[in-house]
Amino acid sequence: MTPRWPSTLWIVRHGQSAGNVARDAATEAGLARIALTSRDVDVPLSDLGREQAQALGRWFASWHEEQRPEILLASPYVRAVQTAEIFRAAGGCPADEKICLDERLREKEFGVLDGLTVAGIHEFQPDQAEFRKLLGKFYHRPPGGEAWTDVIFRLRALMDTVSLHYGGRRVMIVAHQVVVLCLRYVIENLTEAEILAIDKQGDVANCAITEYSFDPAAGRDGGLMLSRYNVTAPLEEDDTPVTAEPDQMVAARG
């Protein structure tokens, strides 16, 4: 009988992006808008982000071949694709392994809040700031954007695909901070309060690893059990700086 779930599932946030850097600069300067003109989907990795992806790949390359990822899924956003490509080139998985892009892994859509700092949201979209305060980040959906629940809806469909096609395989997903958190919500059957408590503990670091292992004794048909969360050991062992800026919409759409 084919196993229902991957033998190992790694979920990795992309390396530091140029958008992370631009957002930090805008926030420190007290600006309302982030100085980027490209679409969010096209924002690339920063130089440090490329180093982080290389460190991740080298760390996995030091493992036995039968322990490394054999399936590589990624968000279609440039920063996630570049992370996966650099990871593969550094030996993290077989060099001929195709990177499967899945739009269900894309960043959370921020709609009218796209490109705004926190100060900018209060200045240009004060009603949305109040709605978010009232509803909470889990359920608040800005016009043209998504709530966490919308991301969760598409990730449930993604996990059905993973279950159908990759049972018993070693799978790595490269995506975004909210995706990492929402996948934890789906896989572990968490509540709103539980996932927001995890989120409150700190941001998911760039190129940090969240890992699940299949346990045949978990539940009636076995299940994925969390082995580690937000682990930055690959970067620390490689003396690569660790960054953990929030993964927000950082560029104009179009």
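Everything that follows concerns the structure shown earlier in this document.
Residues numbered from 1 in each chain as written. Predicted model: local features only at pLDDT ≥ 70, side-chain atom pairs only at ≥ 80, totals over all residues. Heavy atoms only, no water.

1. Digging into the overall build of the protein
- A tally of helices and strands in the protein yields nine helices and six strands.
- Against the compact-globule benchmark of 18 Å for 254 residues, the protein has a radius of gyration of 18 Å, which places it among compact chains.
- Along the longest, intermediate and shortest principal axes, the C-alpha atoms of the protein span 55 × 40 × 30 Å.
- Considering only residue pairs separated by 6 or more positions, the protein has 80% of its internal contacts joining residues 24 or more positions apart.
- Within the structure as shown, the protein displays about 11600 Å² of accessible surface, and the carbon and sulfur contribution to it stands at 51%.
- Charge separation in the protein, taken as the distance between the mean sites of 27 positive and 37 negative side-chain charges, equals 4 Å. (Helix = DSSP H or I, 4+ residues; strand = E, 2+ residues; numbered from the N terminus. Rg over C-alpha atoms; globule rule 2.2 N^0.38 Å. Contact = heavy atoms within 4.5 Å. Areas by Shrake-Rupley, 256 points an atom, 1.4 Å probe, with all protein chains shown as cover. Lys, Arg positive; Asp, Glu negative; His and termini not counted. Charge placed at Lys NZ, Arg CZ, Asp CG, Glu CD.)

2. Some words on the pairing of strand E4 (residues 170-175)
- Taking burial as the measure, the six residues of E4 include six buried ones, the bulk of the element.
- Alternating residues of E4 divide into Arg-170, Met-172 and Val-174 and Val-171, Ile-173 and Ala-175, and every residue in both groups is buried.
- Where strand E1 (residues 8-13) meets E4, six bridges bridge the pair, whose relative direction is parallel. Residue pairing in the sheet places Thr-8 in a bridge with Arg-170 of E4.
- Across four bridges, the pairing between strand E2 (residues 71-74) and E4 is parallel. Within E4, the position partnered with Leu-72 by the bridge is Met-172. (Buried < 20%, exposed > 50% of the residue type's maximum accessible area, 1.4 Å probe, protein only. Pairing = 2+ DSSP bridges.)

3. Describing the sheet that holds strand E5 (residues 209-215)
- Across the sheet, six strands lie side by side as E3-E2-E4-E1-E5-E6; this open sheet has mixed pairing. Taken across any chain shown, the strands that pair with only one partner, and hence form the sheet edges, are strand E3 (99-101) and strand E6 (223-231). Pairs of neighbouring strands in the sheet enclose a mean axial angle of 20°, with direction left out of account.
- Here five bridges tie E1 to E5, and the two strands are oriented antiparallel to one another. (Axes fitted to C-alpha atoms, helices over the stretch in contact; angles between N-to-C directions.)

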